[in-house]
Amino acid sequence: MSRAILTLNSGSSSLKLGLFTEGLQTLAIGHVDRIGRREAAMKIADAEGRALPVPEHAPNDFATNAQALKTALEVFEADFPGLEVIAVGHRIVHGGIEHAAPELVTEALMKDLARLAPFAPLHQPHNLAGVRAAIEAFPGTPQIVCYDTAFHRGHPFVADTYALPRAYYEEGVRRYGFHGLSYDYIHGELARTEPELHAGRVVVAHLGSGASMCALMDGRSVASTLGFSALDGLPMGTRSGELDPGVVLYLMDQKGMGAQEISDLLYKQSGLLGMSGVSNDMRTLEGSDDPHAKEAIDYFCFRIKRELGAMAAALGGLDGVVFCGGIGENSSATRARVCAGMEWLGIEIDPEANAAHARTISTGKVRVMVIPTNEEIVIARAAKAVLAQ
Ligand code: ADP
């Protein structure tokens, strides 16, 4: 029987899984999409990205997140017979002010994390439901939680606050930043492979369905475009990104919209989808002739550029830029657009290296890199470390 660490990232309609040996070698990465819908589907790949067989399933097998986990585990067991899961690591979107490092799940901790649900109502309850489902699937097995906010908790005060009366800051209305597991991975990769750059001033652009940027000084987060919620900063697949709060007041006062309606608008109907009216998916937008698709991409790239300049100012200069996430890793067009006209900042890229998705794509004094992120391994490492304590 071989011992393994399982990682889970449970969303509202998706479940991402990672399976690792005790020595942290990747065995498989899987994801189930569109949970609760007829088109729900599961994909599993091995460490080299080769698809592993997934047997036919009834739609009911993915009816709920807990059911999807059960089904996914059956598939894992068929592909890797005799596995013994010794720990389960979970991605939790919000750790609030206090939870700044991975930790072992207890009933008291679950209650504390549930109290943070109003800070991330669309994510936190699903993350916690994933933990509950895993406790049921693996009773007695240590469950470890890793927070997407933890990497940013060392933000200096000016990058952590809003200009509201102080009492709001004290009760937790702060800039938490998110995508912390991804930034943690990139910081680790820079430390391992580019120590000089790691010791300098680097902006990381995590551009996926959710998108954000993080300014790293000596490997520590000093500013992030995501703030209190997952809505701030860059436009995303379906989320608006930064918005003048006056717009929300206008929607309430003049349109009579309530919190739920506004939440749906800002989280689910805006961003690339809302602007283009075509799709939330960058690949589809890049292939579209629709002028609104082009404008959505224009706005996305403009905002990344603007934030890059702002972060360079926050860092007092710039030594490196790292692109990651589905768009950052795969869309050479986005990278080229973001870097165009940035020579004043020392950014120049080699079109051929960019088109080839090379690890380093720059020719100028600022090192521009493409580093595929890996949130699952960050969770697995954390689970192993907590287990060893
Ligand atoms: P998630 O945040 O759900 O993990 P990903 O990091 O997988 O998202 O990123 C999804 C985004 O990456 C989508 O907009 C998708 O279109 C985009 N993407 C993936 N591959 C490419 C590609 N080859 N060219 C352009 N965009 C891509």
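For the structure itself, look to the data block above.
Owing to the predicted nature of the structure, the values given are computational and were not obtained by experimental measurement.

A. Seen up close, the sheet that holds strand E6 (residues 103–104). Strand order in this open sheet of 7 strands is E4-E3-E2-E1-E5-E7-E6, and the pairing throughout is mixed. Both edges of this open sheet fall to strand E4 (41–46) and E6, since each of them pairs with a single strand only. In this structure, strand E2 (residues 15–21) lies alongside strand E3 (residues 26–33), joined through 6 bridges in antiparallel fashion. Bridge pairing in E3 links Leu 15 to Val 32. Along the sheet, helix H2 (residues 107–114) contacts E6 and strand E7 (143–147); its crossing angle with E7, the most-contacted strand, is approximately 30°.

B. Just the site of the ligand, in detail. Taken together, 14 residues lie around the ligand, and Lys 16, Ser 209, Asp 281, Met 282 and Gly 326 are the ones closest in. The contact in question runs from an oxygen atom of the ligand to an N or O atom on the side chain of Lys 16, over 2.8 Å. Contacts to the ligand include Asn 330, whose side-chain N or O atom sits 3.4 Å from a nitrogen atom. Looking at the shell around the ligand element by element, the count peaks at 4 residues for helix H13 (residues 325–330). Of the residues contributing to the shell around the ligand, the split by class is 2 nonpolar, 8 polar and 4 charged.

What counts, and at which threshold
- Residues numbered from 1 in each chain as written.
- Predicted model: local features only at pLDDT ≥ 70, side-chain atom pairs only at ≥ 80, totals over all residues.
- Heavy atoms only, no water.
- Pairing = 2+ DSSP bridges.
- Helix = DSSP H or I, 4+ residues; strand = E, 2+ residues; numbered from the N terminus.
- Contact = heavy atoms within 4.5 Å.
- Axes fitted to C-alpha atoms, helices over the stretch in contact; angles between N-to-C directions.
- Near = heavy atom within 4 Å.
- Polar contact = N/O pair within 3.5 Å; in protein donor to acceptor, adjacent residues only side chain to side chain.
- Nonpolar A, V, L, I, M, F, W, Y, C, P; charged D, E, K, R; others polar.

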